[in-house]
Structures are given as structure tokens and as C-alpha cells.
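Okay, here's what each chain looks like letter by letter:
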Amino acid sequence: MALSAQWIPRWFNSIKLNSFITAAQLRNHFQRPGKTWLHGFSAQPQMSSGNCFLQWGFKTYRTSCVWNNSSQSTHSSRQKINSAQSTMLPSMNEQSLKIQKIPNFDSELSLEGLDDMPPLSLLQPISEEEAVQIIADPPLPPVSFTLQDYVDHSETLQKLVLLGVDLSKIEKHPDAANLLLRLDFEKDIKQILLFLKDLGIEDNQLGTFLTKNYAIFSEELENLKTRVAYLQSKNFNKADITQMVRNAPFLLNFSVERLDNRLGFFQKELELSVKKTRDLVVRLPRLLTGSLEPVKENMKVYRLELGFKRNEIQHMITKIPRMLTANKRKLTETFDYVHNVMSIPHHVIVRFPQVFNTRLFKVKERHMFLTYLGRSQYDPAKPNYISLDKLVSMPDEIFCEEIAKASKQDFEKFLKTL
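Residues numbered from 1 in each chain as written. Predicted model: local features only at pLDDT ≥ 70, side-chain atom pairs only at ≥ 80, totals over all residues. Heavy atoms only, no water.

1. Comments concerning the overall build of the protein chain
Of the regular secondary structure elements, the protein chain holds 25 helices and 0 strands. Among the 418 residues that make up the protein chain, the fraction classed as buried is 35%. When contacts within the protein chain are restricted to residue pairs at least 6 apart in sequence, long-range pairs at least 24 apart make up 68% of them. For the protein chain, the accessible area works out to roughly 26,800 Å², and carbon and sulfur atoms hold 53% of it. (Helix = DSSP H or I, 4+ residues; strand = E, 2+ residues; numbered from the N terminus. Buried < 20%, exposed > 50% of the residue type's maximum accessible area, 1.4 Å probe, protein only. Contact = heavy atoms within 4.5 Å. Areas by Shrake-Rupley, 256 points an atom, 1.4 Å probe, with all protein chains shown as cover.)

2. Section: the packing of aromatic side chains
All chains considered together, the criterion is met by 7 aromatic pairs. Ring plane angle 75° and centroid distance 5.2 Å describe the contact between F265 and F266, whose orientation is recorded as edge-to-face. Of the two residues, F265 and F266, both sit in the buried class. Here the aromatic residues F369, Y372, F399, F411 and F414 are joined through ring pairs into a cluster of three or more. Geometry around F399 places R366 over its ring, the cationic atom sitting 4.6 Å from the centre. (Phe/Tyr/Trp six-rings, centres within 6.5 Å; stacked < 30°, edge-to-face > 60°. Lys NZ or Arg CZ within 6 Å of the ring centre and 35° of its normal.)

3. Thoughts on the pattern of salt bridges
Taken as a whole, this structure holds 13 salt bridges when the rule is applied. The shortest N-O distance in the salt bridge between E219 and R227 comes to 3.2 Å. As far as burial versus exposure is concerned, E219 and R227 are alike and both buried. For D260, the salt bridge goes to K234, with nearest N and O atoms at 3.9 Å. Of this pair, D260 sits in helix α15 (residues 256-269) while K234 is found in the loop between α13 (221-233) and α14 (238-247), placing the two residues 26 residues apart along the sequence. Note on D260: relative accessible area 34%, which makes it partly exposed. K234 gets classed as partly exposed once you look at its relative accessible area, which sits at 34%. (Salt bridge = Lys/Arg side-chain N within 4 Å of Asp/Glu carboxyl O.)

4. Points about unusual backbone geometry
Comment: phi is negative for the bulk of residues other than glycine, and the bulk of peptide bonds are trans. Backbone geometry at E271 places phi at a positive 55°, although glycine is not the residue there. In this fold, E271 is placed in the loop between α15 and α16 (274-283). Its identity as a non-glycine residue notwithstanding, S343 has a phi of 60°, on the positive side. Structurally, S343 can be placed in the loop between α20 (328-341) and α21 (346-351).

5. Here we look at the environment of F411
Structurally, F411 is set in helix α25 (residues 408-416). Residue F411 is classed as buried on the basis of its relative accessible area, which comes to 3%. Between the C-alpha atoms of F411 and F399, which are 12 residues apart in sequence, the distance is 9.8 Å. When sequence neighbours within four positions are dropped, the list of residues in contact with F411 reads E365, R366, F369, D396, F399 and C400.

Shown next as C-alpha cells:
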């Protein structure tokens, strides 16, 4: 009886230790309640393994007490207890083995299995849990007043920005914005960029060029090459063509027929030689792309209103091509002041046509200062002659020192009196 009383506490402590170890192992096999496995499997809350073993130990302890009260021997008690333990423990081990047999989807799902899986249908229903996990990009706005809403979704716009294209200017033209959104960079844009590079447009000039002439992407590459070949046939060298395209970005958007008509117009209207016509459009290529109305109007002004002869007009426009497209009012006001106020004759004006390319208030200020000093002498046949070129082209410091023979401070004080 005493021997049995000594063994029972030791045995009970061993049972508690075994139950603690086994419970810890079971918790490692089980996930926390509510944890989601692959394919929508969910682990349900399990009964506490510690409580299970404690209840089993308590029942076993009660059994041993009954055996002791019945005056059983110690050897018989040990056999009963061992038989009870052997009866209970295998069931828990079997449960542990069953838990360990839970399939590992990450390891068992091979690449071959993925290939054999049927394709998912867009109409296949999904669970609410799967629907919540879907992350969808925000939809593109069907209508927008800015290209900024589309830059994150368009590779074409992103690469154009990297080239230096100013989308804020292009988006002011709805047709141009729609054109860029429909283009594919590799198929539609890349070949145009390579063409411009071969033509001589530098990398740091592409952004400015494309911002002005985004419409070049709507042109066929073969048509662009044909127009370049036409200019080369008219003895424009590569440097001339590069300069013309850079200064007049829309030049290559015009057909060969229009380019030929423009060259023929200037050669016939101005009665220029082929070489002078070519030099004229190289220096001002906008003559080939702009409207012809200002040119025709200015030619009438020079002949009828200002009284210049045809050969004088030819001389002036070959030196200053901008005179063909200058503002009519500015031309008449400048001529009126220079010819009627400063008393400079036509033949002197023809020698220095830069005066038409100068701001009129600058001519007035300097002429009045020279008149105040008594040095306004513009006749080449007389002493102290002052040419129109020096009058309008020199900066204030040199003008005061070399022409007016006065200090710049005196000139500034005079201007305050006007």
C-alpha cells in the first residue's frame, strides 16, 4: 500500500510532462484558428490538448485509487496503469500522424501540374474572399482635358516625356493628344526618331522638335525620305537640310509638289537665281511652310508705298530675309521715320536694310540724342558721317563712346527727359 502511494505521484507527474510535450508538438502542426490555407481551406479551432491529457490523467489517478483500496498488489497496479497508458497513448499518436499527413500544396503542386490545369474563365464565379484579394488598377477616364491622367498607363507617353516632349503644350490640341494615345512606341515612333537622328537632329533637340511637330508621327516614313531626296536633288546639302528642318519643324510634313511650288514661286516672284533662291530658303525655311499672303502683301508695300525698285528689293531681302514676313505696320512706320524725319534717302536705306529689323523706339532715342549733341549726320558725302548700321547695331556703351562721344550716364539722363 505504501509502495503504491509512492509511485502514483511520480507517475502522475510523468503523465503531465508527456501531455505538455505532446500538446506542444500538436500546436506546431496546427495553425491558429481562422488561419486560411491554400485553395480556401480553413483550420477550425481545436480542443486544447493540455485539457484532454489532464482529464485522462485524472481518470487514471481515480482508477489507481480504486485498485489500491481493493488491496491489489503493487505489481498488479503497475500492469493496470501501463495497460491504461498503452491503451490511451496510441490513439493520440495516431491523431498526430493524421495531422502530419495534411498535404503540403506548395511542395506537391509541380510545374507540370500547372500546365495541365485548365485555363480560368472570366465568367467563372469566385468566392467573396478571393474577390476581396483582387487588386484592380483604377480605370482610365473616358474623357480628360489633360494627358497627365494617361501617362502612368501609356509607355509611349512615358518615353516621350523622357525625350523632353512638353505634353502640356500638345494636350491643348485634342487631335494631337488622341493621336499619341493610339500610337505604339516601338512600331510607330521609334522609326521616326531614328530617321530624325540620321537627318542630323541631336538628342537634346528632339524634345523641342516633337513638341512643335507632333504631327510627324502621322506621316509615312517613305514619304519623309522622298521629301528629303527631293531637296537633295535641288542641290541642298545635308547641313542645309538639317538646318532647315531644325528651324522649320513642319517642313517635312509638306508634299514634294508643295515644296516645288514654293521654290518656284520665290524664284519667279523675286526674280532670283537658283542659287540665291536656295540660300534664301536655307536662311529662312519658314518661307516654305508659312502662308504666302504676308509675302505678297509686303512686296506690294515695298514697291507701291515705300517706292523701292525691284532690284533694291532683291538686295534687301537677300540680306535680311525676314523683311518678306515682317509686320506691314512696322515696315511703314520705320521707313517713315528714317526717310522723312532723319532725311535718309532710298539708296542709303538699301545699303543698310538692318534698320527694318530694329525696334523703332531704339532708332528714335539714339537719333534724338545725336540731334541734341549736334552729331546727327547721315550723309556719306559729308564729314562726321554716321552709318545706319552703326546707329542700330552697336550696344549703348560703344554707341555713346564711339558715335555720340559722350558717356553712358549722359545718355541715360537724356532719356529721362523724353
